[in-house]
Amino acid sequence: MIVKTKLSGIKNMIIVASGKGGVGKSTVAAGMALSLAMEGYNTGLLDADIYGPSIPTLFNLNNERPSMIEKDGKSKIEPLARFGIKIMSIGFFVDPLKAMLWRGPMASNGLKQLMNDTDWGEIDYLIIDTPPGTGDIHLTLLQEYEISGAVIVSTPQAIALVDVQKAIGMFRNPNIGVPVLGVVENMSWFTPSKHPDEKYFLFGQGGGEHLSKTFNVPLIAQIPMNETICSSCDGGKLNGLFKDSEVKAAFKDMIEGIINPKEEIINK
């Protein structure tokens, strides 16, 4: 029998996954955490992409290092904070120019140390940004911890859907049994900031809707692109995402699907 860990003080753990790289999963996870914090929830964000951490860049924390504190006679890592979010990443401890030459067991142990040794405090939602694929990191999280649900990120194009379907299958495996709270279609269309009435479907249409219907999972958000999103993310000014009303509305839809999941999802 597998006994899963429930970390003290954390009410909900939400995994953000894709099965595929390049779909903007880290941006979605970071925006999700920011949206929850803006709604008044105590929010944490764990960068579980051990080999390619992106969260330090998104929050302009590349040169920051967490402090160690003593709590209840144990050494704990104090997470960094931005925009009211408690943030932890392996990227805070390693040289960004050097590759992580860790085999699976070492990566899993590193992840567990980040999870268990961080002083998260009281958290309503811990958002966990996972790497592409369905490998050791995902299995460690799913086997070791009580995960409340998963959010699947895709783009509209068919080549992304193939791998994303595998991620949904992983969470629905009888030995896993984590509810998929919804599908997020990222990069749904491009709208120039100066021409807000125009839409250009650069990566096709209907991918998120197809996933939703195929797997009976709600499509909880369609996130558009504009020319300012890249600069906001690369510059560590994530709050710049929400200057666009359509993007802000999409993230609001997303967290509504997390906070108030559909009844059939809860009962699965």
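Summarised in this report is the structure supplied together with it. (Residues numbered from 1 in each chain as written. Predicted model: local features only at pLDDT ≥ 70, side-chain atom pairs only at ≥ 80, totals over all residues. Heavy atoms only, no water.)

**A word on the side chain of Asp244**
Looking at the element boundaries, Asp244 is found in the loop between helix H7 (229-234) and helix H8 (245-259). Lys199 is the oppositely charged side chain nearest to the buried, salt-bridge-free Asp244, at an N-O distance of 11 Å. Polar side-chain contacts of Asp244 include one of 2.9 Å to the backbone nitrogen of Glu246. (Helix = DSSP H or I, 4+ residues; strand = E, 2+ residues; numbered from the N terminus. Buried < 20%, exposed > 50% of the residue type's maximum accessible area, 1.4 Å probe, protein only. Lys, Arg positive; Asp, Glu negative; His and termini not counted. Salt bridge = Lys/Arg side-chain N within 4 Å of Asp/Glu carboxyl O. Polar contact = N/O pair within 3.5 Å; in protein donor to acceptor, adjacent residues only side chain to side chain.)

**Points about the packing of helix H5 (residues 158-172) against helix H6 (residues 207-215)**
Where H5 meets H6, the closest approach of the two axes is 11 Å, and the angle between their N-to-C directions is 35°. The two elements H5 and H6 meet at a crossing, and its hand is right-handed. In this structure, H5 contributes Leu161, Val164, Gln165, Ile168 and Arg172 to the contact, and H6 contributes Gly207, His210, Leu211 and Phe215. Among the residues forming the contact of H5 with H6, the class breakdown is 5 nonpolar, 3 polar and 1 charged. (Axes fitted to C-alpha atoms, helices over the stretch in contact; angles between N-to-C directions. Left-handed = near helix turned anticlockwise from the far one by under 90°. Contact = heavy atoms within 4.5 Å. Nonpolar A, V, L, I, M, F, W, Y, C, P; charged D, E, K, R; others polar.)

**A word on unusual backbone geometry**
If you check the backbone angles, Phe83 has positive phi at about 55° while not being a glycine. Along the chain, the position of Phe83 falls in the loop between strand S5 (80-82) and strand S6 (85-89). On the basis of relative accessible area, Phe83 is assigned to the partly exposed category, the value being 35%. In this structure, Asn216 takes a positive phi of about 55° despite not being glycine.

**Here we look at the layout of surface pockets**
Here the idea is plain: a probe the size of a water molecule rolls over the atoms and shows the empty space left. Space inside the largest pocket adds up to approximately 340 Å³. Along the walls of the largest pocket sit 19 residues, with Gly24, Thr27, Ile229, Cys230 and Cys233 positioned nearest its centre. Among the secondary structure elements, those contributing two or more residues to the lining of the largest pocket are helix H1 (25-38), helix H2 (55-58), strand S9 (180-190), strand S10 (219-225), H7 and H8. The element best represented in the lining of the largest pocket is H7, accounting for 4 residues. By residue class, the composition of the lining of the largest pocket is 12 nonpolar, 6 polar and 1 charged. The volume enclosed by the second largest pocket comes to roughly 290 Å³. As for the second largest pocket, its lining consists of 14 residues, of which Ser8, Lys71, Lys76, Thr118 and Asp119 are closest to the centre. (1 Å grid on protein atoms, 1.4 Å probe; cavity = no way out; pocket = protein on both sides within 12 Å on 5 of 7 lines; lining within 4 Å. Points joined across faces, edges and corners; volume = space filled by probe spheres on them.)

**Topic: the environment of Leu7**
Relative to the helices and strands, Leu7 is located in the segment before strand S1 (10-17). Beyond its immediate chain neighbours, meaning those up to four positions away, Leu7 contacts Met13, Met115, Asn116 and Tyr145.

**Observations concerning H8**
In this model H8 runs 21 Å from its N-terminal to its C-terminal C-alpha over 15 residues, within 8% of the 21 Å that 1.5 Å per residue would give. Those residues of H8 not exposed but buried are Val247, Ala250, Phe251, Met254, Ile255, Gly257 and Ile258. The buried side chains of H8 occupy one side of the element, clustering within an arc of 150° when seen end-on. Where H8 begins, the side chain of Asp244 points an oxygen toward the backbone nitrogen of Glu246, at a separation of 2.9 Å. (Expected span 1.5 Å × (residues − 1). Arc of directions from axis to C-beta.)

Honestly, that's just the spatial picture; any functional story needs more than this.
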